[in-house]
Amino acid sequence: GAVVSQHPSWVICKSGTSVKIECRSLDFQATTMFWYRQFPKQSLMLMATSNEGSKATYEQGVEKDKFLINHASLTLSTLTVTSAHPEDSSFYICSVLGASGSPSGSQYFGPGTRLLVL
Amino acid sequence: GENVEQHPSTLSVQEGDSAVIKCTYSDSASNYFPWYKQELGKGPQLIIDIRSNVGEKKDQRIAVTLNKTAKHFSLHITETQPEDSAVYFCAASLTGGGNKLTFGTGTQLKVEL
C-alpha cells in the first residue's frame, strides 16, 4: 500500500480565518487523491476528487469556493478551508488512489486532520 | 448513485470468538469492495478487499465473502483479540468509473476479555 501523511494533525482556529491542510503521498506518485470529511461517530463522506494538474471534482453539496483543493504535484494535495466557521469543525482525511504493486481502485488513507473552529 | 448499508452498528464479542459484519450495496455495477479498520482518532486502514470476480478471500484471521447476486458482502474475523476493537467500515466502488468509494455507516466492534 501507499504511505500517506497529513499536516497538521490538528488545528484550532478562529471563526473567519482560513486553514490549509496538506496531504502527501510519501512513497508513491499519486495522480488521484480524495478528500473526505468525518463528523463524530459518523461515516466518511467524500468531499472531492483531486487530480494532479487539473481542477478538483466536487461532490454535490460541497462548496468549491469554500473548500479549495490544489493538486500541484504527484505527491501533494492541499485542502484550504476558507472563512472557517464552527460548523466546519470536523475530521478531514485524504486518501491516495492506488499504489505501486497494488491493484487499481485501492485507496490508502492519511492519518487525518482534526479541525476545531472557535 | 451507490448506497451501502452496514449491520450491525455495534458488536460485542468475547475474546477468541468470531465476529461477522454484513453490508449490502445497491449498484450492481460496483466491482470493488474494501474493508477498513479505523481506530479512534486515526485514519482508516485497509485490511482486506475483494473484487467482483471472486467469491471469497482470506488473509490470516480475516476473510471476506461476496454474493453478487444478492449484492451483499461480509467481513469475518476469527479468533478475535482485544486489538481488533475498532470501527470497521465496508465500502463499494466501480474501478475505472471514478473509483469513488461509498462507505457503509460503520460497525463499532468491541472485543471483551
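Structure's up top.
Remember, it's a predicted structure, so these values are computed and weren't measured experimentally.

About the criteria used
- Residues numbered from 1 in each chain as written.
- Chains lettered and ligands numbered in written order.
- Predicted model: local features only at pLDDT ≥ 70, side-chain atom pairs only at ≥ 80, totals over all residues.
- Heavy atoms only, no water.
- Helix = DSSP H or I, 4+ residues; strand = E, 2+ residues; numbered from the N terminus.
- Buried < 20%, exposed > 50% of the residue type's maximum accessible area, 1.4 Å probe, protein only.
- Contact = heavy atoms within 4.5 Å.
- Areas by Shrake-Rupley, 256 points an atom, 1.4 Å probe, with all protein chains shown as cover.
- Lys, Arg positive; Asp, Glu negative; His and termini not counted.
- Charge placed at Lys NZ, Arg CZ, Asp CG, Glu CD.
- Disulfide = S-S within 2.5 Å.
- Core = buried A, V, L, I, M, F, W, Y, C linked by side-chain atoms within 4.5 Å.
- Patch = residues over 30% accessible without salt bridge, like charges linked within 9 Å, V, L, I, M, F, W, Y side chains within 5 Å.
- Salt bridge = Lys/Arg side-chain N within 4 Å of Asp/Glu carboxyl O.
- Pairing = 2+ DSSP bridges.
- Axes fitted to C-alpha atoms, helices over the stretch in contact; angles between N-to-C directions.

Now for the overall build of chain B. Looking only at helices and strands, chain B features zero helices and 11 strands. Listing the helices and strands of chain B from first to last along the sequence gives β-β-β-β-β-β-β-β-β-β-β. For the C-alpha atoms alone, the extent of chain B along its principal axes is close to 45 × 30 × 20 Å. Burial statistics for chain B: of 113 residues in total, 43% are counted as buried. Considering only contacts within chain B whose residues lie at least 6 apart along the sequence, 53% involve residues at least 24 apart. Total accessible area computed for chain B in this model is approximately 5,600 Å², and 47% of it derives from carbon and sulfur atoms. Distance between charge centroids for chain B: 6 Å, based on 11 positive and 13 negative side chains.

A word on the state of the cysteines. Summed over the entire model, instances satisfying the criterion amount to two disulfides over all chains. Across the disulfide from Cys 23 of chain A sits Cys 94 of chain A; the S-S distance is 2.0 Å. With the S-S bond torsion at 80°, the cross-link from Cys 23 of chain A to Cys 94 of chain A turns out right-handed. Here Cys 23 of chain A is found in strand β3 (residues 19–25), whereas its partner Cys 94 of chain A is found in strand β9 (residues 90–97), with 71 residues between them in sequence. The buried category is assigned to Cys 23 of chain A, whose relative accessible area is 0%. Accessibility expressed as a relative area gives 0% for Cys 94 of chain A, which makes it buried. Between the sulfur atoms of Cys 23 of chain B and its disulfide mate Cys 90 of chain B the distance is 1.9 Å. The disulfide joining Cys 23 of chain B to Cys 90 of chain B has a torsion of about -100° about its S-S bond and is therefore left-handed. Residue Cys 23 of chain B is found in strand β3 (residues 19–25), and its partner Cys 90 of chain B is found in strand β9 (residues 86–92); the two are separated by 67 residues along the sequence.

A word on the nonpolar core. Counting residues in hydrophobic clusters, the biggest one holds 26 residues, and the most contacted among them are Val 4, Trp 35, Phe 67, Leu 79, Tyr 92, Val 96 and Leu 115 of chain A. Listed by contribution, the elements that provide at least two residues to this core are β2 (10–13), β3, β4 (32–38), β5 (45–51), β7 (67–73), β8 (76–81), β9 and β11 (113–117) of chain A. Of all hydrophobic cores here, the second largest spans 24 residues; its members include Val 4, Ile 50, Leu 75 and Ala 92 of chain B.

A few words on a nonpolar patch on the surface. Residues and elements named next belong to chain A. On the surface, Trp 10, Ile 12, Leu 116 and Leu 118 cluster together into a nonpolar patch covering about 450 Å² of accessible area. Along the chain, the position of Trp 10 falls in strand β2. Here Trp 10 falls in the exposed class, since its relative accessible area comes to 57%.

Glancing now at the sheet that holds strand β8 (residues 72–77) of chain B. Residue and element names in this part refer to chain B. Pairing is antiparallel across the open sheet formed by five strands, whose spatial order is β1-β3-β8-β7-β6. At either end of the open sheet lies a strand with only one pairing partner, and these are β1 (4–7) and β6 (56–59). In this sheet, neighbouring strand axes are inclined to one another by 15° on average, regardless of whether the strands run parallel or antiparallel. Alignment of strand β7 (residues 62–67) against β8, held across six bridges, turns out to be antiparallel. From the neighbouring strand, Val 64 faces β8, where its bridge partner is Leu 75.

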